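Coordinates in review
As a plain string of letters, each chain reads:
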Protein chains: 2
Amino acid sequence: MGRWEPNARGRLEQAALDLYVERGFEQTTTAEIARRAGLTERTFFRHFADKREVLFGGHSALREFIVSAVASSPDSATPIDSVIGALETVGALFLVRREYSRQRQAVIDANDELRERELIKLASLASTIADVLRGRGVGDLPASLAAEAGIAVFKVAFERWISDAGDADLSRLIRESFEELKAVTAGG
Amino acid sequence: MGRWEPNARGRLEQAALDLYVERGFEQTTTAEIARRAGLTERTFFRHFADKREVLFGGHSALREFIVSAVASSPDSATPIDSVIGALETVGALFLVRREYSRQRQAVIDANDELRERELIKLASLASTIADVLRGRGVGDLPASLAAEAGIAVFKVAFERWISDAGDADLSRLIRESFEELKAVTAGG
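To start, this report covers the structure provided alongside it.

What counts and how
Residues numbered from 1 in each chain as written. Chains lettered and ligands numbered in written order. Predicted model: local features only at pLDDT ≥ 70, side-chain atom pairs only at ≥ 80, totals over all residues. Heavy atoms only, no water. Helix = DSSP H or I, 4+ residues; strand = E, 2+ residues; numbered from the N terminus. Buried < 20%, exposed > 50% of the residue type's maximum accessible area, 1.4 Å probe, protein only. Contact = heavy atoms within 4.5 Å. 1 Å grid on protein atoms, 1.4 Å probe; cavity = no way out; pocket = protein on both sides within 12 Å on 5 of 7 lines; lining within 4 Å. Points joined across faces, edges and corners; volume = space filled by probe spheres on them. Nonpolar A, V, L, I, M, F, W, Y, C, P; charged D, E, K, R; others polar. Buried area = accessible area lost by both parts, 1.4 Å probe. Salt bridge = Lys/Arg side-chain N within 4 Å of Asp/Glu carboxyl O. Polar contact = N/O pair within 3.5 Å; in protein donor to acceptor, adjacent residues only side chain to side chain. Phe/Tyr/Trp six-rings, centres within 6.5 Å; stacked < 30°, edge-to-face > 60°. Lys NZ or Arg CZ within 6 Å of the ring centre and 35° of its normal. Least-squares fit on C-alpha atoms with pLDDT ≥ 70 in both. Axes fitted to C-alpha atoms, helices over the stretch in contact; angles between N-to-C directions. Parallel < 35°, antiparallel > 145°, perpendicular 65-115°, else oblique. Left-handed = near helix turned anticlockwise from the far one by under 90°.

Moving on: the side chain of K121(A). Residue and element names in this part refer to chain A. Locating K121 in the fold gives a position in helix α8 (residues 112–135). In this structure K121 comes out as buried when scored by relative accessible area, which is 18%. When sequence neighbours within four positions are dropped, the list of residues in contact with K121 reads E53, F56, H59 and R63.

With that settled, consider empty space enclosed by the protein. Counted according to the given criterion, the structure contains 1 cavity of 30 Å³ or more. In this structure, the largest cavity spans a volume of roughly 200 Å³. Together, 15 residues line the largest cavity, and E148(A), I151(A), K155(A), E148(B) and K155(B) are the ones closest to its centre. Listing elements by their share of the lining of the largest cavity, those giving two or more residues are α8 and α9 (140–163) of chain A together with α8 (112–135) and α9 (140–163) of chain B. When grouped by side-chain class, the residues that make up the lining of the largest cavity number 11 nonpolar, no polar and 4 charged.

This next bit is on the interface of chain B and chain A. Taken residue by residue, the interface counts 31 residues in chain B and 31 residues in chain A. Between chain B and chain A the total buried area reaches about 3000 Å² when both faces are included, carbon and sulfur atoms providing 72% of it. Linking chain B with chain A are 4 salt bridges, by the criterion used here. Ionic pairing is found between R117(A) and E116(B), a salt bridge with its closest N-O pair at 3.9 Å. Linking chain B with chain A are 2 residue pairs in polar contact (both at pLDDT 80 or more), by the criterion used here. When contributions to the side of chain B that touches chain A are tallied by element, the ones reaching two or more residues are α6 (79–93), α8, α9 and α10 (170–186) of chain B. For the side of chain B that touches chain A, the leading source of residues is α9(B), giving 12 residues.

Our next topic: the packing of aromatic side chains. One pass over the full model with this rule turns up 10 aromatic pairs over all chains. Pairing F44(B) with F45(B) gives two aromatic rings, centres 5.1 Å apart and planes at 85°, and the pair type is edge-to-face. An aromatic cluster is defined as three or more aromatic residues linked by ring pairs; in this entry it consists of F44(A), F45(A) and F48(A). Just above the ring of F25(A) sits the side chain of K51(A); from NZ or CZ to the centre is 4.5 Å.

Bringing the relation of the copies chain B and chain A into the picture now. Mapping chain B onto chain A calls for a rotation angle of 180° and an axial translation of 0.0 Å; the resulting RMSD is 0.0 Å. Such values leave the two copies arranged in the relation of a two-fold axis. In terms of C-alpha distance to the rotation axis, chain B has E116(B) as its closest residue, with the C-alpha 2.5 Å off the axis. When you check the interface residues of chain B against chain A, 100% turn up at the interface there too, and the contact is symmetric in its surfaces.

Residue and element names in this part refer to chain B. Packing of helix α5 (residues 58–71) against α6 brings their axes to within 9 Å, and their N-to-C directions diverge by 140°. Between α5 and α6, the crossing angle belongs to the class labelled oblique. Both α5 and α6 take part in a crossing whose hand is right-handed. Contacts from L62, F65, I66, A69 and V70 in α5 reach S82, V83, A86, L87, T89, V90 and L93 in α6. Grouping the amino acids of the contact of α5 with α6 by side-chain chemistry returns 10 nonpolar, 2 polar and no charged.

Structure (structure tokens):
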């Protein structure tokens, strides 16, 4: 075991992202990330399986958070209310991370393998949310559709959020996109 | 140029799928696919870039079809009507291919790389549909949401279709899933 390093994980994430932006994802090695963060490569591998996981390490915390928010929403909430409510709460967690999120997305968008990885994480999140809804007694079809619709709203809101020049609030954009989805589907 | 082979493309697709089901995607080579189809490897490469593209070659025809159906829907159609209408028409094209679609999906679901590939094709289809809607004068946000909602409906309906034991009709499942999406979003 190495000695304890204060916020090693956060430092590695930031160093990795800086290098991916400067040189590109392909051209960066884990040794360089560790060096930039002032840590050893061994410390890197205590926190992340590889250089790709630095970008996706936050997904499992996000998933746990969303699952517990959906599972603990009031019995009176409709399925889509549970899902959108959970995503809005998650949106608030992103508040201070817009610049980080923006850079991270630019790195992902520039690389097919990373884009595919991101999409599979979102698809698997939708399927987990649908399972949680089924566990709450929601039927198979409405559970799948509420989950897929929620993820669609999140994707659209997230894109607006990182491309917005002003001081947009992700939670508010999620709510607005959901209202727009209601208007769009009601029109069909 | 080799001699003309009747329906070489279809024979290669079926041979590839049979081998992927029997031996697994990883274990199959392009030489084996060509041999099983009674064709040369050279003919294989006239039709497909690699063994993965045999599974995804249909996507570009599907995309063109959907784009032209959305683009040519009546001016009075709402954005979601255009999208769902296009997908229903596409659903009818799948009628005779359920067994093929089911086997293809089993091969894809068994392999992370193929699943990621499938997801990126669907994400890119959603973004193309949104562009077509924007070209028809639909606003940025409703265009994105109508496209994402349409793809979500298609995914859910497609899963039901291939897992259905009876004689379900994909177009009808698309319509039903869309009605369910309307009910689900209206409830939020």
